[in-house]
Amino acid sequence: MTTTLQQLNSATPAEALRLLDGLYEHSPWIAEQALGQRPFASLAALKHAMVTVLANATVDAQLALIRAHPELAGKAMESQSLTAESTNEQQKAGLTNCTSEELAHIQQLNAQYIAKFGFPFILAVRGPRGTGLSKREIIATVERRLGNPVDFERAECLRNIHRIAEIRLNDKFGFTPAVGNEVWDWHEDLARHSDPEFAERGELTVTYLTDAHRACAADLVARMKECGFDEVSIDAVGNVVGVYEASPHPSPLPQAGEGVKALLTGSHFDTVRNGGKYDGRLGIFVPMACVKQLHAAGKRLPFAVEVVGFAEEEGQRYKATFLGSGALTGHFNPAWLDQQDADGVTMRAAMQHAGLPATLEAIGTLKRDPSKYLGFVEVHIEQGPVLNEMDLPLGVVTSINASVRYQCEAIGMASHAGTTPMNRRRDAASAVAELALYAEQRASADGDSVATIGMLQVPGGSINVVPGRCRFSLDLRAPGNAQRDALERDVLAQLRAICERRGIGLTLEETMRAAAAPSEPAWQARWEKAVNALGVPLHCMPSGAGHDAMKLHEVMPQAMLFVRGLNSGISHNPLESTTSDDIDLCVNAFSHLLDQLASEHKN
């Protein structure tokens, strides 16, 4: 028999505690203290109440909770003295059916882990989908986390304990995040497409108009049709566009200029090299799930919903960041068509190979008329550690940081590593290394600016040759335009001074500049109201990452919603992940936003 929230809220303290028995291993004090916050408006509110209790506990109490958990495939499992909950979880992960070699390896890792940290390794073995991690995934996670600092690892154990409790609570209440599971599965399914050399290594890379990219687009088209979109197409730059039409306009007919508008939403489906499954794609699939629900209910809104899977945001194959969303704002750079990728294929040729017209005339028709849209909203995985560290599922974005990117090359003189004295060298790589340290220090001085040299290459380098050339990227970001510009001036001035002092030539090519994009207040307020309606705490935060919303911000109001990521919120990395529970909450928040807009439109 499952528990209901009404039962929990109305039960006596002793009965309520009994209803929550077994959530935290041998530690009923967490549920007991959380129950003091009754009544709970939602299951999500109850989950966060327990998160708050543990966050406010002493370190000794936290460590006692961690130590109350059994080792994975440890002595308690062998002696069959695990709690019923732990037994179920380890069974689902296959840990009760290990080979002798697997068992020995896991127990060896357990011993190494305890020797380093002084507490057992904790992992929510039922995973982000709730169906169980594989033994291979579990072993890889232990091996990876052995490298963490002690304080960080203690916090990571607590986060996993909360995930264990969340799944156990779902079981008690008979709750399945069905929509979240479906959307999670969509991500997994789309990730089967990857560019060849990366696919061979089991890595996810989807760059503009490759075979994998076009396969993703075809899958999105098919999925949108299944969800019930009225019109689905691939446009002149490869964006996937789905439109769910509005309800018929009531009589009398609207006056001139009062035609039915659309809500524009979406994100990108291309990836960085060896990236994650959720970056961008979450912002396509969440609104698709909402449209699927509307269609299944036979419901139309007073406005249309237009979901766009932007074909290119990352700028990986060509230096054309925000190409897909830029085409909708009328900011497609004609020079992009003649750019060549690493294999010498021009963008024009890639478009033609993909069956796209590859003409400025056709691309120009994609420009949207802002007067026909209510605004633009985007859902995105956070790509950072803030929500993860706060144990919050959702965050409302206040502004997207300003940014600028450069592709650069330092040009020195290649010479013999053994015969060239240190004071006679023109070492291009050392010049860039000096810049990297300065950029790190200069950005840190602002407190909230960031500077990154993410690509560094010595063409034709050799172990016994002083680097004559060094190609590198430069990525500078700050919350406001003026702060970014000051950072840029200082970093570029230092770069030029370094090169002059070292006798190094320099080329700089600006490849992207984006202004800060503050959320439009009314749209941010709608997201805030949607999050509050779910019963979870509201957290507002800036976005350090760039998003397609930055481009749409140039022509219409926009606001974003972040979803917590796992593994410290890491992104642009295969470890990027989120739970189906958090996705389910995100879909509910998006649906609530649609309901708000519908109510406003009627009024």
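Here we summarise the structure given alongside this text. (Residues numbered from 1 in each chain as written. Predicted model: local features only at pLDDT ≥ 70, side-chain atom pairs only at ≥ 80, totals over all residues. Heavy atoms only, no water.)

1. A short note on the overall build of the protein chain
Part 1 of the argument: Secondary structure summary: the protein chain contains 23 helices and 16 strands in total.
Part 2 of the argument: In summary, the protein chain has a C-alpha radius of gyration of 26 Å against a globular reference of 25 Å for 603 residues, a match within 12%.
Part 3 of the argument: Once the C-alpha set of the protein chain is aligned to its principal axes, its extents read approximately 80 × 75 × 45 Å.
Part 4 of the argument: Across the 603 residues in the protein chain, those meeting the buried criterion constitute 53%.
Part 5 of the argument: The long-range fraction of contacts in the protein chain, counting pairs at least 24 apart against all pairs at least 6 apart in sequence, stands at 77%. (Helix = DSSP H or I, 4+ residues; strand = E, 2+ residues; numbered from the N terminus. Rg over C-alpha atoms; globule rule 2.2 N^0.38 Å. Buried < 20%, exposed > 50% of the residue type's maximum accessible area, 1.4 Å probe, protein only. Contact = heavy atoms within 4.5 Å.)

2. With respect to the packing of aromatic side chains
How two aromatic rings sit relative to each other is given by the distance of their centres and the angle of their planes.
Part 1 of the argument: Inspection of every chain in the model, using the stated rule, returns eight aromatic pairs.
Part 2 of the argument: Their ring planes at 25° and their centres at 5.8 Å tell us that Phe 117 and Phe 119 sit as a pair that is stacked.
Part 3 of the argument: A ring pair is formed by Phe 332 and Trp 336, whose centres lie 5.2 Å apart and whose planes are at 85°; its orientation type is edge-to-face. Here Phe 332 and Trp 336 have matching classes, each one buried.
Part 4 of the argument: By way of ring pairs, the aromatic residues Tyr 113, Phe 117, Phe 119 and Phe 121 are connected into one cluster.
Part 5 of the argument: Sitting over the face of the ring of Phe 152, Arg 159 holds its NZ or CZ atom 5.6 Å from the ring centroid.
Part 6 of the argument: Here Arg 300 stacks its cationic end above the ring of Tyr 244, 4.3 Å away from the centre of that ring. (Phe/Tyr/Trp six-rings, centres within 6.5 Å; stacked < 30°, edge-to-face > 60°. Lys NZ or Arg CZ within 6 Å of the ring centre and 35° of its normal.)

3. Some details on the pairing of strand S6 (residues 394–400)
Part 1 of the argument: Counting buried positions over the seven residues of S6 gives six, a clear majority of the element.
Part 2 of the argument: Bridge analysis of S6 against strand S16 (residues 558–563) gives three bridges, and the strand direction is antiparallel. Residue Gly 395 lies in a different strand from S16, and its bridge partner there is Phe 562.
Part 3 of the argument: As defined by bridge partners, S6 adjoins strand S15 (residues 540–543) across three bridges and the pair is classed as parallel. (Pairing = 2+ DSSP bridges.)

4. As for the packing of helix H11 (residues 178–190) against helix H14 (residues 282–296)
Part 1 of the argument: Where H11 meets H14, the axes come as close as 10 Å, and the angle between the chain directions of the two elements is 135°. Classified by the angle between their axes, H11 and H14 sit oblique to one another. Helix-helix and strand crossings are classified by hand; for H11 and H14 the assignment is right-handed. Only Leu 282, Phe 285, Met 288, Ala 289, Lys 292 and Gln 293 of H14 make contact with H11, whose side of the interface consists of Val 179, Glu 182, Val 183, Trp 186, His 187 and Leu 190. (Axes fitted to C-alpha atoms, helices over the stretch in contact; angles between N-to-C directions. Parallel < 35°, antiparallel > 145°, perpendicular 65-115°, else oblique. Left-handed = near helix turned anticlockwise from the far one by under 90°.)

5. Some details on the nonpolar core
Within soluble globular proteins, side chains that are nonpolar generally end up buried alongside one another.
Part 1 of the argument: Membership of the largest hydrophobic core comes to 79 residues, with the highest contact counts inside it found for Met 351 and Trp 527.
Part 2 of the argument: Take this core: its biggest share by element is 10 residues, from helix H23 (residues 580–602).
Part 3 of the argument: Discounting chain neighbours no more than four positions away, the residues touching Met 351 are Tyr 208, Leu 209, Ala 236, Val 237, Phe 332, Leu 337, Leu 356, Ala 358 and Ile 363. (Core = buried A, V, L, I, M, F, W, Y, C linked by side-chain atoms within 4.5 Å.)

6. A closer look at the state of the cysteines
Part 1 of the argument: For the coordinates displayed, the defined rule picks out zero disulfides.
Part 2 of the argument: You can see Cys 408 has no disulfide; the closest cysteine sulfur is in Cys 499, sitting 9.3 Å from it. (Disulfide = S-S within 2.5 Å.)

7. Concerning helix H19 (residues 428–446)
Part 1 of the argument: The end-to-end C-alpha distance of H19, which contains 19 residues, comes to 28 Å, matching closely the 27 Å that a straight helix rising 1.5 Å per residue would cover.
Part 2 of the argument: Where H19 is concerned, the buried positions are Ala 428, Ala 429, Ala 431, Val 432, Leu 435, Ala 439, Arg 442 and Ala 443. Each buried residue of H19 sits inside an arc of 140° when the element is viewed along its axis, so together they form one side. Summarising the geometry of H19, the exposed residues directed more than 90 degrees from the buried face are Leu 437, Glu 440, Gln 441, Ser 444 and Ala 445.
Part 3 of the argument: Its buried side turned inward, H19 meets strand S7 (402–411), strand S9 (450–452), strand S10 (456–457), strand S12 (469–478) and helix H20 (481–502).
Part 4 of the argument: Of the residues that open H19, the one with a side-chain oxygen 3.0 Å from the backbone nitrogen of Ala 429 is Asp 427. (Expected span 1.5 Å × (residues − 1). Arc of directions from axis to C-beta. Polar contact = N/O pair within 3.5 Å; in protein donor to acceptor, adjacent residues only side chain to side chain.)

8. Description of the packing of helix H13 (residues 211–227) against H14
Each pair of packed helices can be summarised by the angle the axes make with each other and by the distance between the axes.
Part 1 of the argument: Contact pair H13 / H14: the axes reach a minimum separation of 8 Å and the direction vectors enclose 30°. One element, H13, and the other, H14, form an angle in the roughly parallel class. Each of Leu 220, Arg 223, Met 224 and Cys 227 in H13 lies in contact with H14, whose residues at this interface are Ile 284, Phe 285, Met 288, Val 291, Lys 292 and His 295.

9. Regarding empty space enclosed by the protein
Part 1 of the argument: Applying the stated criterion across every chain yields a total of two cavities of 30 Å³ or more.
Part 2 of the argument: Estimates place the volume of the second largest cavity at around 40 Å³.
Part 3 of the argument: Its residues placed into classes, the lining of the second largest cavity shows four nonpolar, no polar and three charged. (1 Å grid on protein atoms, 1.4 Å probe; cavity = no way out; pocket = protein on both sides within 12 Å on 5 of 7 lines; lining within 4 Å. Points joined across faces, edges and corners; volume = space filled by probe spheres on them. Nonpolar A, V, L, I, M, F, W, Y, C, P; charged D, E, K, R; others polar.)

10. As for the side chain of Asn 170
Part 1 of the argument: For Asn 170, the position within the fold is in helix H10 (residues 150–173).
Part 2 of the argument: If sequence neighbours within four positions are ignored, Asn 170 has contacts with Leu 43, Lys 47, Phe 175, Pro 177 and Asp 581.

11. Some words on H13
The periodicity of an α-helix, 3.6 residues per turn, causes residues three or four positions apart to be oriented the same way.
Part 1 of the argument: With 17 residues, H13 ought to run about 24 Å at 1.5 Å a step, and its terminal C-alpha atoms sit 24 Å apart, in line with that.
Part 2 of the argument: At its buried positions, H13 is contacted by H11, strand S1 (231–234), strand S2 (240–244), H14 and strand S4 (304–310).
Part 3 of the argument: Looking one or two residues beyond H13, the residue adopting positive phi is Gly 228, at roughly 105°.

12. Overview of the pattern of salt bridges
Part 1 of the argument: Scanning the model with the defined rule gives 41 salt bridges in all.
Part 2 of the argument: The closest approach of N and O atoms between Lys 277 and Glu 188, which form a salt bridge, is 2.9 Å. Of this pair, Lys 277 sits in the loop between strand S3 (262–268) and H14 while Glu 188 sits in helix H11, placing them 89 residues apart in sequence.
Part 3 of the argument: The shortest N-O distance in the salt bridge between Glu 306 and Arg 368 comes to 2.8 Å. With Glu 306 in strand S4 and Arg 368 in the loop between helix H17 (360–364) and strand S5 (373–381), this residue pair connects regions lying 62 residues apart in the sequence. In terms of burial, Glu 306 and Arg 368 fall into one category: buried.
Part 4 of the argument: Via salt bridges that share partners, Arg 484, Asp 485, Glu 488, Glu 510 and Arg 513 belong to a single interconnected network. (Salt bridge = Lys/Arg side-chain N within 4 Å of Asp/Glu carboxyl O.)

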